[in-house]
Amino acid sequence: MQNGQFLYQHVIEVINDMVSQQILEPGDKLPSLRKLAQQLSVSIPTVKQAYYYLEGQGRIYSKEKSGYFLSEVEQTTLPRRCKLATTPTEVNKQSLIEQVYEGIHGQHEAKFGIANPVTAMSDEAVLAKMMRSVLKQAGDQMLQYGAMDGLLKLKQQIAQRYLRMGLSVSIDDIVITNGAQEALAIALQCVTQPGDVVAIESPGYFGIIELIENLGLRALEIPVCPDDGLWLEDLAHALTQHEVKACICSTSINNPIGSVMPEHRQQSLLSMLVDNNVTLIEDDVYGDLHFTKHRAKPIQYYAQPRQVITCDSFSKTAAPSYRIGWMLAPGYAQRARRFKRALSCSSSLINQWVLADYLTSGAYDRHLKKLRLRLQENKQKMLCCIRRYFPENTRISDPQGGCVVWIELDKSVDGGELFNLAIAQGISLTPGQLFSATERFQHCIRLSFGLPWQDKHEVGLKRLGEIVSTIIKMSESK
Ligand SMILES: Cc1ncc(COP(=O)(O)O)c(C=O)c1O
């Protein structure tokens, strides 16, 4: 690393300069890996990493045995915007979700189906050491029930993290939960009754769709723009047509598209919801895994009490197995605490204690920094493989953080059929149908790059691209 910059970023800058000075023009061959490595006094793998990055962005492409070339035109290959739903819908997705869970949790060579960024780089040694030290310090106290709404020192650490983002919060507004999933469930129960309408992202995280089904709510799907989150114009229109009680979305980094909502749109979203008496439930689980320079502020930052409930967890950043999450619920905390008590009494004391120490020691922030870089590298490798091995008309999201890419395939490809064929060949993925409360996204899939990248993953993506091409060819010949 040089001056806080990674060497491959320097290589990218050199290529950018060559393009802006028209030393390189569309269609031109880029310098060979060896030549550029020599000229810049860096290693060949460093240049390769930069070329991977540029290829992942579609700015350059490779030809077998000929090298890399500058793309002719700026490719617009982002997934398309879907249509606004005209009516809210009851949800019936649970059995499909169960089938997919069963498939993706098996043994596979290439596990692209599970969004677990921690497997890309876990901090297990540090966490194990802290666990041992906590057991030593606290002894049998660790075996007791903890405080109903969470361990004070963990809540203090969480409050301090918000303060660093410019958000001053009261400890009393934080309720520790069993992961973000329980936080979302409690948040929904705080503000809705069965039969109520909840606006959700489309495509959106299937755990929320499953919750809506279980709580007897109705979903109203609002399209997500691949660049900047929920489509506000569509939401505004939907609010004139339906009485919506809550809106759940991720404005930091959403799952599965990976887009980030700019600040001015966050503020417009909030004021639109406030004007219509709709509570915003923000799902911020991927917020800390940003690839952008700064972390997006939670919408809570702009809100007054009772306008926003923020749900978050350590599942995507430290340890999903600990099942520790929280809600920040100004104006709803008392109600949330009661639901939490009725549901599960309290959350694991020992896991909260370890996390509190982990945060206090600074190890969590050090780990986050490394994890973000690893995920960013993985993203580039995955995008590069998809561009290389998938049919040309494939559309791919450009996630600004997190660990998943959203892929729109040719209309003739059914994500469910592809799922079955891929699983049979040791490759897991998540079919697009799961990300809609209705029947949308049949021809889409989500792939996770939250894994320790190895050659077998490139092989898996190549194989997956071949399966997709075969399905398309077969449908053309019918
Ligand atoms: C967007 C989103 N929200 C919430 C959750 C649930 O998180 P947790 O494991 O903390 O319950 C997930 C997990 O996959 C997720 O992707």
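Relevant structure appears above.
The text that follows walks through the structure, step by step, so that each part is easy to find. Counting restarts for each chain: residues are numbered from 1 in the order of the written sequence. For this predicted model, a pLDDT threshold of at least 70 governs which residues receive local features, and a threshold of 80 or more governs which side-chain atom pairs are given and counted, while totals over whole chains, interfaces and linings are taken from all residues. With hydrogens and water set aside, each side-chain value is computed from the structure's full complement of heavy atoms.

## Remarks on the pairing of strand S14 (residues 404–408)
For S14, a buried count of five out of five residues is recorded, marking the element as mostly surrounded by other parts of the structure. Summary of the burial criterion: residues with accessible area below 20% of their type's maximum are buried, those above 50% are exposed, and those between are partly exposed, where the area comes from a 1.4 Å probe applied to protein chains only. Secondary structure elements follow DSSP: runs of H or I of four or more residues count as helices, runs of E of two or more count as strands, with numbering from the N terminus. Every second residue of S14 is oriented toward a common face, with Val-404, Trp-406 and Glu-408 on one face and Val-405 and Ile-407 on the other, all of them buried. One requirement defines pairing of two strands: DSSP has to find at least two bridges between them. Examined bridge by bridge, strand S13 (residues 395–396) and S14 share two bridges and lie antiparallel to one another. Paired with Ile-396 across the bridge in S14 is Ile-407.

## Details of the packing of aromatic side chains
Pairing of aromatic rings covers Phe, Tyr and Trp, the last counted by its six-membered ring, and requires centre-to-centre distances within 6.5 Å; plane angles under 30 degrees mean stacked, over 60 mean edge-to-face, and any other angle means tilted. Per the stated rule, a full pass over the model turns up 11 aromatic pairs. Consider the rings of Tyr-61 and Phe-69, whose centres lie 5.8 Å apart with planes at 25°: the pair is stacked. Under the relative-accessibility criterion, Tyr-61 is labelled partly exposed at 29%. Relative to Phe-441, the ring of Trp-406 lies with its centre 5.4 Å away and its plane at 85°, an arrangement referred to as edge-to-face.

## Comments concerning the site of the ligand
Near, as used in this document, describes a residue that has one of its heavy atoms within 4 Å of the molecule or strand being considered. Around the ligand, the surrounding shell holds 13 residues, and the nearest of these are Ala-180, Asp-283, Ser-313, Ser-315 and Lys-316. Pairing of N or O atoms within 3.5 Å defines a polar contact, subject to two protein rules: one partner must be a possible hydrogen donor and the other a possible acceptor, and residues neighboring in sequence count only if both atoms are side-chain atoms. Here Lys-316 contributes a side-chain N or O atom positioned 2.7 Å from an oxygen atom of the ligand. Within the contact set of the ligand, an oxygen atom lies 2.8 Å away from a side-chain nitrogen or oxygen of Arg-323. Here the accessible surface of atoms and residues is derived via Shrake-Rupley with a 1.4 Å probe, and residues count as covered only by protein chains that are part of the display. If the ligand stood free it would expose 400 Å²; the protein chains cover 91% of that surface. Cavities and pockets are found on a 1 Å grid laid over the protein atoms alone: a cavity is a set of points where a 1.4 Å probe fits but cannot escape, a pocket is an open set with protein on both sides within 12 Å along at least five of seven lines, and a lining residue has an atom within 4 Å of such a point. More than half of a molecule's atoms within 2 Å of the grid points is what it takes for that molecule to sit in a cavity or pocket. The pocket occupied by the ligand, as judged from atoms lying within 2 Å of grid points, is the second largest pocket. If you tally residues by element for the shell around the ligand, the top one is helix H7 (residues 179–191), at four residues. A per-class count over the shell around the ligand returns five nonpolar, five polar and three charged. Each residue gets one label: Ala, Val, Leu, Ile, Met, Phe, Trp, Tyr, Cys and Pro are nonpolar, Asp, Glu, Lys and Arg are charged, and the others, such as Gly, are polar.

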